[in-house]
Each structure stands twice: as structure tokens, then as C-alpha cells.
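# Remarks on the overall topology
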Amino acid sequence: PTDSEEYTQRSLKSNMATAPSKRIITIDILRGITIFAMILCANIGYYSDLPAWMFHGQTPPPTYEFNPDVPGITWVDLVFPFFLFTMGAAFPLAMRKRLENGVSRWTVTGSLFRRWLTLTIFAIVLGNAYQIGSSTQPAVIKGFFNIVLWGVMFLSLVRVKDEKKTKLLNNVGMFIMIVMAVLATDWLGLTLSRWNSDVIIMILANVAIFGGLIWMFTKDNIRLRWLVLLFIIALKALSSYTPQVLAWVPSLGCIGWFFSWGYLQYLVIAVAGSIVGDMLQSHSRSEVKTDIDGYHIAAGIIALAAMLVQLWGLFTRHVLADFIISAILGAAFVAITWKRRNILSSLGYFGFAFMLIGIIFDPIDGGITKDHCNLAYMLTTTGMTALTGVFVLALELKWNIKGRGLSGCGQNPMLAYGVTNFFTGPILAMLGIGAWLDTISLGSPFWGVVRGLVYTLLMVAVTCFFTKKKLFWRS
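Residues numbered from 1 in each chain as written. Predicted model: local features only at pLDDT ≥ 70, side-chain atom pairs only at ≥ 80, totals over all residues. Heavy atoms only, no water.

## So, the overall build of the protein
Of regular secondary structure, the protein possesses 18 helices and 2 strands. Contacts in the protein between residues far apart in sequence, at least 24 positions, make up 79% of those at least 6 positions apart. Roughly 20900 Å² of accessible area belongs to the protein as shown, and the carbon and sulfur atoms make up 68% of that amount. (Helix = DSSP H or I, 4+ residues; strand = E, 2+ residues; numbered from the N terminus. Contact = heavy atoms within 4.5 Å. Areas by Shrake-Rupley, 256 points an atom, 1.4 Å probe, with all protein chains shown as cover.)

Here you go:
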């Protein structure tokens, strides 16, 4: 952390005000990988005799029942922290450019509250819409209603170049959505409530506003942001090891439905991501060419190998072996990059530090778990995300790899998030293909994976189509 802090502090002062901003493809690709994995893991066939590492660590087969006492993580458990990390990394990319273009701090702060409100409404709409599947109406009616709802969400959230046209489309979409909410209670028999919300989007809404405010407050002082991060980690430790300290938070009655420490604890990952975001932005604005040779590619492969070792060690519970191998890989990474220090080395030091500290917390927390989320999980996955970023960035810098399909999804994450449940999935169900995939995947690992790939590749195709057309969902 010390090395990356010094790199970031030095680079911020020299580069931020002198060079134009460029899009950070690495973040788009990382977010795209996350979206791809998210849809895949949600749609692979249950009861397909797939191994436990193909599912959440705490919901293993054959019952798939949630058991928080099962320690360990799988690749599925990386989806959420990867997304949170990339969200945090995007804070400086989105807000610093606006500030430098003359937009006032108050206006940028106001946009954070609008973003929180948008995500919160989106979470409530999704949470209530998920009830459509349990309606007694025929599948065709439910599918048609879902597709129309997706179209209305599209109008409500779409962003186009013309600001006036954007507002018109959004207002029309919101009006139709209100009408549909009334119809849903009559036609489908749904009970609408603000408590029916998509938990993942609610967490993102909370992290977006508080993480954005933290970045605004510390945008020119990386050391202060490290202190804020350590404070949040300390709060997380207090809530885990002495829960009575924060016992008052869940009792905040009227605001408990959108504010919860259970949501805000994930700022650990997002604030760490914002530090990396400043590092990447500084690098993108630097006029100094970063020479990537074979040693840097080797370092990227070592970083990726260390990430994969975690999946083996923490899932199989060979924690000591995991730590030793990771420390050796970390030492090899330092040896290779020490005299070739640049953005790759700084990002790697950051990742290895978080990951190794996270492994140390594994026995302290009684084993790493995503649910219920513990410090071992937050710190380890933060490091794993950064190390994956090292590998992706090495490929980008060396061979100019753009990852078109993945980056296309990464640039349009909210659209990608809803397209399977409310567009492609209902179409497959109405055509009978969904039921056919469900049937053939029972007891078949091959078809269980194929089922997931069908839904995932359709999501990629639809999302990339709209991204290519410059139609983004406001998020």
C-alpha cells in the first residue's frame, strides 16, 4: 500500500491537470468479466450434477440450501466484489472529468444523490417485478408483461446524446411504469411494496452515494482516503467481533429499508477500488510511455496465478498452503518488477498486500464466507480483483487488447443486469426453449453449463448491440 500510495500521490500532482482524460479499458473489461460471470453463474443448471465449486460457497449441492457455517469461496463468490471494486474505480473517472470541465462541487454532489435515487427506484422496481414469475397467469402473459416492463425500464433509464430527448424518454418511461404498477396489482395480483427490492442494487445505491462522497472529500488527498478506508475496516471489525457496538443502526425504523450497515460495509471494497481508479486515471493521463516487456507479462501471469491459487486454497481449505504459495508468488512478483516499477507493479503490490492480509483474517473469522460477509472475504477479494486487473492491464498495454464483447457489457452494466430476467429469458420461455433447456440439463453437467452459456451469450449480444448504438442505461 505504501508504494501504491506514493505512486498515486506523485502522479496525481503531475498528471491530473496536464493531460486529457482517456477511457480506461481495463475497468470496462473487468466489469464485463464480472457481468459475464454473474449471468453465467445465475443460469447454469441446478441439479445438473455440477461440482460444488460451480455454485456459491455457502449454497452447495445437492440441496443448494444456504448454510453460513460452510467456509470457503468459489469463482461465483468473486462476482459481487469484482463489481463493487470496479464501481469504486470508476468514481474518479466519472467525477474528476466533470469537475475539471467546470462543473461545481455542489452539482456533482447533487448528481450522486440523483444516482442513488435512480438505483434505489430501480432496485424496488426489480424487486417487485421478480414476483411476476409466481403469478398464476399463463406463461405467455407473464413473459409478455416482463418484456414490456423491460422496454419501459429502457425508456426510463436510457441515456442518449440529446439531453432533451433523454429527459422526454425518461419521463414517458416513468409514466408508463406507474401505469403498469397499477395494472400489475389488478391483472397479476402482485402486492407492491418498497420492501420488495433487489438487494444487490440497493447495496450498489448505498455504496454509490457514500463512496462518491468519500472520493469527493478526499480527491486530492490519497493518504486521507487510506485513513477513511482503515476507519471503515475498523467499523466492520467492530460489527463482526463486538456486534453490540453498532446494534443501534438496524433500528433506524423509517429509513431502515434503504439505509443499512449491512449495505455500507461493502465500502471497504469500493473505497479501495477508488484508490486504484486514481492510479489508473493518473497513468492514462501520463505522457510517459509505459514500456511493457516479457518481464511485465510474466508478472501479469504471476498475478493471475495468485488469484487462482486463492480459489483452490480457500475452497479446499488448504489455507496455510495457500498463504505460503501466495507469499512466494508475491515475492516473485516483487523481484521481477522492482527495477521496472510502473502502474502494473503498483497495482500488483496493492493486490498482493490486500490478499495476503485477507488470508490472515481467514482463521480469525472462522473461515472466509461471502454470506455472512466477513473481513477475510472483503480484503481477500479486493486483492484478487486488483491482481486480475494486473493481468488484464498487462495484456492491454502489451497488445492493445480491447476485449470488445466484455468491454461492451462493462460499459452498459445496468442494461446487462436486467436483460436476462426481463427480455431474453421471457422470450426463451414463451418459445418453449427455456423449459427444454431446464429438462435436458437435469443430471447433465454438460447441458447444465450449456444452459448457462445460452443465457449469458444472449445477454452479451443484446448488451453489445445497444452499447454499439450508444444507448446506455443511466446508472
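## What about the nonpolar core?
Residues Trp150, Met153, Ile201, Leu229, Tyr266, Phe350 and Trp473 are the most contacted members of the largest nonpolar core, which totals 131 residues. Of the residues forming this core, the biggest block, 12 residues, is contributed by helix α14 (residues 375-399). Counting 6 residues, the second-largest nonpolar core is a separate cluster that includes Ile44, Leu50, Met54 and Phe55. (Core = buried A, V, L, I, M, F, W, Y, C linked by side-chain atoms within 4.5 Å. Buried < 20%, exposed > 50% of the residue type's maximum accessible area, 1.4 Å probe, protein only.)

## What to know about the pattern of salt bridges
Throughout the structure, instances matching the rule amount to 8 salt bridges. Two residues, Asp362 and Arg317, come together in a salt bridge whose shortest N-O distance is 2.6 Å. One end of the pair, Asp362, is in helix α13 (residues 343-364); the other, Arg317, is in the loop between α11 (294-316) and α12 (319-337), and 45 residues separate them in sequence. Here Asp362 falls in the buried class, since its relative accessible area comes to 3%. (Salt bridge = Lys/Arg side-chain N within 4 Å of Asp/Glu carboxyl O.)

## Topic: the side chain of Thr120
Counting through the fold element by element, Thr120 comes out in helix α4 (residues 105-129). Among the polar contacts listed, one links the side chain of Thr120 to the backbone oxygen of Trp116, at a separation of 2.8 Å. (Polar contact = N/O pair within 3.5 Å; in protein donor to acceptor, adjacent residues only side chain to side chain.)

## Some words on the state of the cysteines
For the structure on display, the rule yields 0 disulfides. Not part of a disulfide, Cys464 finds its nearest cysteine sulfur in Cys409, a span of 4.3 Å. (Disulfide = S-S within 2.5 Å.)

## Here's the deal with the packing of aromatic side chains
The tally for this structure, following the rule as stated, stands at 22 aromatic pairs. Seen from their ring centres, Trp150 and Phe466 are 6.0 Å apart, and the 55 degrees between their planes marks the pair as tilted. Taken together, the residues Trp150 in helix α5 (residues 139-157) and Phe466 in helix α18 (residues 445-468) connect sequence positions 316 residues apart. With a relative accessible area of 5%, Trp150 lands in the buried category. Ring geometry for Phe333 versus Tyr349: centroids 5.9 Å apart, planes at 85 degrees, classification edge-to-face. Here Phe333, found in helix α12, pairs with Tyr349, found in helix α13; they are 16 residues apart in sequence, far enough to count as distant. Judged by its relative accessible area of 9%, Tyr349 falls in the buried class. (Phe/Tyr/Trp six-rings, centres within 6.5 Å; stacked < 30°, edge-to-face > 60°.)

## Quick word on α5
Helix length check: α5 (19 residues) gives 27 Å between terminal C-alpha atoms against 27 Å at 1.5 Å per residue, within 8%. Taken together, the buried positions of α5 are Lys142, Gly143, Phe145, Asn146, Leu149, Trp150, Val152, Met153, Phe154, Ser156 and Leu157. (Expected span 1.5 Å × (residues − 1).)

## Description of the packing of helix α3 (residues 79-100) against α14
Where α3 contacts α14, the two axes come as close as 9 Å, and the packing angle between them is 70 degrees. In terms of orientation, α3 lies roughly perpendicular with respect to α14. Here the hand of the crossing between α3 and α14 comes out right-handed. Of the residues in α14, those in contact with Pro81, Phe82 and Phe85 of α3 are Tyr377, Thr381, Thr382, Met384, Thr385, Ala386 and Thr388. Of the residues belonging to the contact of α3 with α14, the class tally is 6 nonpolar, 4 polar and no charged. (Axes fitted to C-alpha atoms, helices over the stretch in contact; angles between N-to-C directions. Parallel < 35°, antiparallel > 145°, perpendicular 65-115°, else oblique. Left-handed = near helix turned anticlockwise from the far one by under 90°. Nonpolar A, V, L, I, M, F, W, Y, C, P; charged D, E, K, R; others polar.)

## A few points about the packing of α5 against helix α16 (residues 413-430)
Two elements in contact, α5 and α16, have axes separated by 8 Å at closest approach and are oriented at 150 degrees. Taken together, the axis directions place α5 and α16 in an arrangement best described as roughly antiparallel. α16 is crossed by α5, and the crossing has left-handed handedness. When α5 is examined against α16, the residues Ala139, Val140, Gly143, Phe144, Asn146, Ile147, Leu149, Trp150, Met153 and Phe154 are found in contact with a partner set consisting of Leu415, Gly418, Val419, Asn421, Phe422, Phe423, Pro426, Ile427 and Met430. A breakdown of the residues in the contact of α5 with α16 according to their chemical character gives 15 nonpolar, 4 polar and no charged.

## Brief notes about the environment of Ala332
Within the fold, Ala332 resides in helix α12. When its relative accessible area of 28% is taken as the criterion, Ala332 is described as partly exposed.

## Focus: the environment of Leu229
With respect to the helices, strands and loops of the structure, Leu229 is situated in helix α8 (residues 222-241). Under the relative-accessibility criterion, Leu229 is labelled buried at 1%. Separated by 42 residues in sequence, Leu229 and Val271 place their C-alpha atoms 6.4 Å apart.

## Thoughts on a nonpolar patch on the surface
On the surface, a nonpolar cluster with roughly 620 Å² of combined accessible area is contributed by Ile427, Leu431, Ile433, Trp436, Phe446 and Trp447. Among the secondary structure elements, those contributing two or more residues to the nonpolar patch are α17 (433-441) and α18. Relative to the helices and strands, Phe446 is located in helix α18. The exposure class assigned to Phe446 is exposed, which follows from its relative accessible area of 57%. (Patch = residues over 30% accessible without salt bridge, like charges linked within 9 Å, V, L, I, M, F, W, Y side chains within 5 Å.)

## Brief notes about α13
Since the α-helix turns once every 3.6 residues, residues separated by three or four places project in the same direction. Compared with the 32 Å implied by 1.5 Å per residue over 22 residues, the 32 Å span of α13 between its first and last C-alpha is a close match. With respect to burial, α13 is a largely interior element, 17 of its 22 residues being buried. After α13 finishes, the residue Gly366 shows a positive phi value of roughly 75 degrees.

## Details of the environment of Ile440
Turning to its location among the elements, Ile440 is positioned in helix α17. Here the alpha-carbon distance between Ile440 and Ser48, two residues 392 residues apart in the chain, equals 9.1 Å.

## Observations concerning unusual backbone geometry
Pro61 connects to Pro62 through a cis peptide bond whose omega is 10 degrees. Structurally, Pro62 can be placed in the loop between α2 (25-43) and α3. The linkage connecting Asp371 with the following residue, His372, adopts the cis geometry, with an omega of 0 degrees. If you check the backbone angles, Asp49 has positive phi at about 60 degrees while not being a glycine. Here Lys470, not a glycine, exhibits a phi torsion of approximately 65 degrees, which is positive. Counting through the fold element by element, Lys470 comes out in the loop between α18 and β2 (472-473).

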